[in-house]
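Analysis of the macromolecular model
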Amino acid sequence: MDMAKVDSTRALVNHWRIFRIIGVHPPGKRTVWGRHYTAYSMMWNVTFHFCIWLSFSVNLLQSNSLETFCESLCVAMPHTLFMLKLINVGRMRGEMIRSHRVLRHLDRRLGCADERRIIVAGIEQAEFIFRTILRGIVCTVTVGIVYMAVASEPTLMYPSWIPWNWRDSSSSYLSTAMLHTTAIMANATAVLNLCTYPGTYLILVSAHTKALALRVSKLGYGTPLPAVRMQAILVGYIHDHQIILRLFKSLERSLSMTCFLQFVCTACAQCTICYFLLFVNVGIMRFMNMLFLLVALTTETLLLCYTAELLCKEGESLLTAVYSCNWLSQSVHFRRLLLLMLARCQNPLILVAGVIVPISMKTFMVFSRAIQSLINTDFRNICMRASMENVVR
């Protein structure tokens with residue numbers, strides 16, 4: 001990438017291409033596709049999203065045992081969450097697109113090669129995460145396909161309700177399996193985007209915060225400048241900080257509720273899948289299929305917490321940079337302006353889910369320990385029940 005022409009939105013190109021394909025990012029009205037995009041979007045979402053959601057949900061309602069309920073719930077609940085996320089993207093699309101102009105404005109504010117390298121490193125990190133999650137989703141789908149191929153009886157990748165008898169003949173099963181797998185792959189494409197786009201935005205904001213911290217830390221050093229010039233430079237940095245804060249608040253409005261639902265969904269899915277894997281006697285391929293699903297759901301929440309933690313740390317580094325600049329040699333007016341920036345930097349850049357849950361690695365660890373404690377409690381209860389039954393016998 002050309003260091004002289006850094007474009008932060010480069011990291012978001014693949015995301016918005018996929019959003020366009022899955023029907024939530026319409027092109028210009030003057031194009032042929034734009035004039036028919038509404039019909040295309042409805043067809044895509046009904047065929048690949050609503051129908052598979054209906055299939056998972058009906059199968060969940062028809063569960064007649066704890067085993068089938070757990071297996072169906074850990075599939076139906078995450079897909080419901082992804083549907084809500086997709087609706088949220090369509091609702092907040094305009095605000096997210098406007099944030100691209102803000103990112104490009106911050107790109108133009110970069111003043112040296114070191115700052116550009118910070119942004120390029122952020123872009124490369126976001127692209128690396130996108131590629132890694134893509135590989136993980138491909139592996140998860142591949143394991144599901146192998147599970148169907150080696151199963152001793154006709155089965156689908158995940159438990160689903162199909163409104164026709166697809167087990168009677170090989171042709172009926174093959175066509176149903178291909179249709180179901182195609183829908184799963186289309187949903188996997190949407191899941192890839194919905195898992196990675198929040199982290200990409202957060203990484204870009206954290207990179208610009210880090211670049212701003214570097215600019216602020218150099219204030220007052222090097223060639224002496226007139227007091228009026230130094231004050232003007234600081235005012236520009238304060239304006240950049242305000243832009244970053246507004247961009248952060250915009251992202252928080254876009255992600256807050258869906259992040260809260262994701263925590264709830266991940267906790268429920270981890271409980272049900274762990275119960276299914278630990279206490280239900282299943283074959284190796286079925287075990288691997290559900291294990292990969294568990295890893296995928298956990299990784300999604302882990303990625304969100306990691307990128308939110310990264311942004312919080314960069315906010316703290318900006319606070320340190322304000323103290324590190326050479327403010328002792330500056331005018332009184334400069335110091336007053338610096339105190340204003342310092343006061344605003346006191347508020348940490350902590351992304352909050354559902355108004356009450358701070359998104360951070362600490363929150364992820366608390367959720368993980370709570371789930372582990374719950375599973376241990378269930379395991380002890382089952383062991384005690386088994387021991388009592390043996391005593392009675």
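Small disclaimer: the values here were computed from a predicted structure and weren't measured.

A few words now on the overall build of the protein. Helices and strands together make up the secondary structure of the protein, namely 10 helices and 2 strands. Sequence-ordered secondary structure for the protein, helices as α and strands as β, is α-α-α-α-α-α-α-α-α-β-β-α. A principal-axis box enclosing the C-alpha atoms of the protein has dimensions of 85 × 65 × 30 Å. Here the protein holds 393 residues, and 49% of them are scored as buried. In the protein, of all internal contacts separated by at least 6 residues, the share reaching a separation of at least 24 is 77%. Taking the 37 positively charged and 20 negatively charged side chains of the protein as two groups, their mean positions are separated by 10 Å.

Where helix 5 (residues 113–150) meets helix 8 (residues 284–324), the closest approach of the two axes is 8 Å, and the angle between their N-to-C directions is 165 degrees. For the element pair helix 5 / helix 8, the angle class is roughly antiparallel. For the element pair helix 5 and helix 8, the recorded crossing hand is left-handed. Taken together, the residues of helix 8 that come into contact with helix 5 (itself represented by Gln125, Ile129, Ile133, Cys139, Thr140, Val143, Gly144, Val146, Tyr147 and Val150) are Met285, Arg286, Met288, Asn289, Phe292, Leu293, Ala296, Thr299, Leu303, Tyr306 and Leu310. Here the residues of the contact of helix 5 with helix 8 sort into 15 nonpolar, 5 polar and 1 charged.

What follows deals with the pattern of salt bridges. Two side chains with opposite charge may pair up if their charged atoms get near one another. Tallying each qualifying case throughout the model produces 11 salt bridges. One salt bridge in this structure joins Asp240 and Arg215, with 3.2 Å as the shortest N-O distance. With Asp240 in helix 7 (residues 227–279) and Arg215 in helix 6 (residues 170–217), this pair connects stretches of sequence that are 25 residues apart. In this pair, the class of Asp240 matches that of Arg215, namely buried. One network of salt bridges, with partners in common, ties together Arg109, Glu115, Arg215 and Asp240.

All right, on to the nonpolar core then. Val216, Leu219, Met341 and Ile359 are the most contacted members of the largest nonpolar core, which has 108 residues in total. Top element by residues in this core is helix 6. It accounts for 22 residues. Excluding anything up to four places from it in sequence, Val216 contacts Tyr237, Leu318, Ala321, Val322, Cys325 and Met341.

This paragraph deals with the packing of aromatic side chains. Taken as a whole and assessed by the stated rule, the structure comprises 8 aromatic pairs. Here the aromatic rings of Tyr40 and Trp44 are separated by 6.1 Å at their centres, their planes lie at 40 degrees, and the arrangement is tilted. One end of the pair is Tyr40 and the other is Trp44, both in helix 3 (residues 37–61) and 4 residues apart, which spans about a single turn. With relative accessibility at 16%, the residue Trp44 sits in the buried group.

On to the environment of Asp114. Tracing the backbone shows Asp114 in helix 5. Taking the relative accessible area as the measure of exposure, Asp114 reaches 35% and is therefore partly exposed. Considering only alpha carbons, one finds Asp114 and Tyr197, 83 residues apart in sequence, at a separation of 26 Å. Residue contacts for Asp114: discarding those within four places in its chain leaves Leu214 and Lys218. A polar contact of 2.4 Å, which involves the side chain of Asp114, links it to the side chain of Arg117.

Before going further, it helps to spend a moment on a nonpolar patch on the surface. There is a patch of nonpolar side chains on the surface, built from Val46, Phe50 and Leu54 and spanning about 230 Å² of accessible area. Tracing the backbone through its elements, the reader meets Leu54 in helix 3. The exposure class assigned to Leu54 is partly exposed, which follows from its relative accessible area of 33%.

A few words on the state of the cysteines. Working definition: the covalent bond between the sulfur atoms of two cysteines is a disulfide. Summed over the entire model, instances satisfying the criterion amount to 0 disulfides. Summary of cysteine pairing: Cys70 is not part of a disulfide, and the nearest cysteine sulfur, belonging to Cys74, is at 7.6 Å. Judged by relative accessible area, which is 5%, Cys70 ranks as buried. For the unlinked cysteine Cys312, the closest cysteine sulfur is that of Cys305, found at 12 Å.

Further remarks concern the packing of helix 6 against helix 7. Helix 7 packs onto helix 6 with a crossing angle of 165 degrees between their chain directions and a minimal axis gap of 11 Å. When the axis of helix 6 is compared with that of helix 7, the two are roughly antiparallel. Relative to helix 7, helix 6 is oriented so that their crossing is left-handed. Here Tyr197, Pro198, Tyr201, Leu202, Val205, His208, Thr209, Leu212, Arg215 and Val216 of helix 6 lie close against helix 7, whose contacting residues are Tyr237, Asp240, His241, Ile244, Leu247, Leu251 and Leu255. In the contact of helix 6 with helix 7, the residues fall into 12 nonpolar, 3 polar and 2 charged.

Take the confidence of the model for the protein next. Chain-level pLDDT for the protein is 86 on average; 93% of the residues reach the 70-or-more range. Ranking the helices and strands of the protein by mean pLDDT puts helix 1 (residues 13–21) first, with 93, and helix 10 (residues 361–392) last, with 65.

Once that is clear, we can look at the environment of Ser360. Residue placement: Ser360 occurs in the loop between strand 2 (357–358) and helix 10. For Ser360, a relative accessible area of 14% gives the class buried. Taking the C-alpha atoms as reference points, Ser360 and Tyr306, separated by 54 residues in sequence, lie 6.6 Å from one another. Every residue in contact with Ser360, bar those within four places of it in the chain, is listed here: Cys305 and Glu309.

Calculation rules
- Residues numbered from 1 in each chain as written.
- Predicted model: local features only at pLDDT ≥ 70, side-chain atom pairs only at ≥ 80, totals over all residues.
- Heavy atoms only, no water.
- Helix = DSSP H or I, 4+ residues; strand = E, 2+ residues; numbered from the N terminus.
- Buried < 20%, exposed > 50% of the residue type's maximum accessible area, 1.4 Å probe, protein only.
- Contact = heavy atoms within 4.5 Å.
- Lys, Arg positive; Asp, Glu negative; His and termini not counted.
- Charge placed at Lys NZ, Arg CZ, Asp CG, Glu CD.
- Axes fitted to C-alpha atoms, helices over the stretch in contact; angles between N-to-C directions.
- Parallel < 35°, antiparallel > 145°, perpendicular 65-115°, else oblique.
- Left-handed = near helix turned anticlockwise from the far one by under 90°.
- Nonpolar A, V, L, I, M, F, W, Y, C, P; charged D, E, K, R; others polar.
- Salt bridge = Lys/Arg side-chain N within 4 Å of Asp/Glu carboxyl O.
- Core = buried A, V, L, I, M, F, W, Y, C linked by side-chain atoms within 4.5 Å.
- Phe/Tyr/Trp six-rings, centres within 6.5 Å; stacked < 30°, edge-to-face > 60°.
- Polar contact = N/O pair within 3.5 Å; in protein donor to acceptor, adjacent residues only side chain to side chain.
- Patch = residues over 30% accessible without salt bridge, like charges linked within 9 Å, V, L, I, M, F, W, Y side chains within 5 Å.
- Areas by Shrake-Rupley, 256 points an atom, 1.4 Å probe, with all protein chains shown as cover.
- Disulfide = S-S within 2.5 Å.
- pLDDT = per-residue confidence, 0-100.

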